[in-house]
Amino acid sequence: MKMKAGCSQLKPVVLILIFNSCFYASYQLTGLQVCKLCSGAVLNVSAVGMFCSSSAGRIDGRCCLRNNNAGDPEHIIGLDLSNCSLTHMEDLQGASTALIIDLSRNPIVNISDTAFQGFIELNYTILPQDIFCPGGNTSWEKVEVKDGNRLCEGQRNMCNQTGQLSLTCPENSLCGPYGPGFFECSCVDSYHGYKCLREGEFPALRVFGPLGASTIVISVLLWVTQRRKAKSL
């Protein structure tokens, strides 16, 4: 009986370790690719460059990277894709941890509505003046047009400000920010499933087991592909 209890206690730990390792490997392969979407590197005199310097970050291509603790992997806190001849912007998910993003001086004609979904840390965005702020101008505390750019500052929380049950979320769930103009509903306590209607222990092993395995396979395939591309260059 003790053996079974011990194994049961180990399951969450093993799942967390597998998920973290898979996530980090996948992030290293795909997340930092956004830093190479444009040639060159972040200039020290640019908005992202000055932010990076003041935040004790490290420049890598068009990104500013930083780790919060010595043992943590670096993550993107700033992205500068200004003057990159970009016309469309659909996928920036590799930089979802960024606090500042500069897309100015680009002939952008369209930005996908979901391009910034999940960017909960984003607090400052610089865009061409003809482009609306992500999520709409009402999703930001301050919006101004200056020197041919649109500046979006202070992302607003789309949930109510009380931290209680939101009218926009189903019963047994809480509303949380999920990027400019977006929110997500998370089940509370022991509830889970569709609209948080199921109560009881979440079947973590059955859900995350296949997910972890598939993530490892995808990460390996991406690694092999990138290695081949690097050798061909």
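This section reports on the structure supplied with the text. (Residues numbered from 1 in each chain as written. Predicted model: local features only at pLDDT ≥ 70, side-chain atom pairs only at ≥ 80, totals over all residues. Heavy atoms only, no water.)

The next subject is the side chain of aspartate 80. Structurally, the position occupied by aspartate 80 is in strand S3 (residues 75-80). For aspartate 80, a relative accessible area of 3% corresponds to the buried category. Polar contacts involving the side chain of aspartate 80 include one to the side chain of serine 82, which spans 2.6 Å. (Helix = DSSP H or I, 4+ residues; strand = E, 2+ residues; numbered from the N terminus. Buried < 20%, exposed > 50% of the residue type's maximum accessible area, 1.4 Å probe, protein only. Polar contact = N/O pair within 3.5 Å; in protein donor to acceptor, adjacent residues only side chain to side chain.)

All chains considered together, the criterion is met by one aromatic pair. Judged by centre distance (5.4 Å) and plane angle (70 degrees), the rings of phenylalanine 116 and phenylalanine 119 are edge-to-face. The class of phenylalanine 116 is buried, set by a relative accessible area of 3%. (Phe/Tyr/Trp six-rings, centres within 6.5 Å; stacked < 30°, edge-to-face > 60°.)

Restricting attention to buried positions, one finds in helix H2 (residues 47-54) the residues Val48, Gly49 and Cys52. The buried side chains of H2 occupy one side of the element, clustering within an arc of 100 degrees when seen end-on. Buried residues belonging to H2 abut strand S1 (58-60), strand S2 (63-66), S3 and strand S5 (100-102). (Arc of directions from axis to C-beta. Contact = heavy atoms within 4.5 Å.)

Attention now goes to the pattern of salt bridges. Once the charged atoms of two side chains with opposite charge are near each other, the side chains can pair. According to the stated counting rule, one finds five salt bridges in the structure shown. Between aspartate 80 and arginine 62 there is a salt bridge, and its shortest N-O distance comes to 3.9 Å. Placement of the pair is aspartate 80 in strand S3 and arginine 62 in the loop between S1 and S2, with a sequence separation of 18 residues. Looking at arginine 62, the relative accessible area reads 10%, which means it is buried. Between glutamate 144 and lysine 142 there is a salt bridge, with its nearest N and O atoms 3.9 Å apart. According to the relative accessible area criterion, glutamate 144 is partly exposed, its value standing at 31%. We classify lysine 142 as partly exposed; its relative accessible area is 43%. (Salt bridge = Lys/Arg side-chain N within 4 Å of Asp/Glu carboxyl O.)

So yeah, pure geometry; function would need other evidence.
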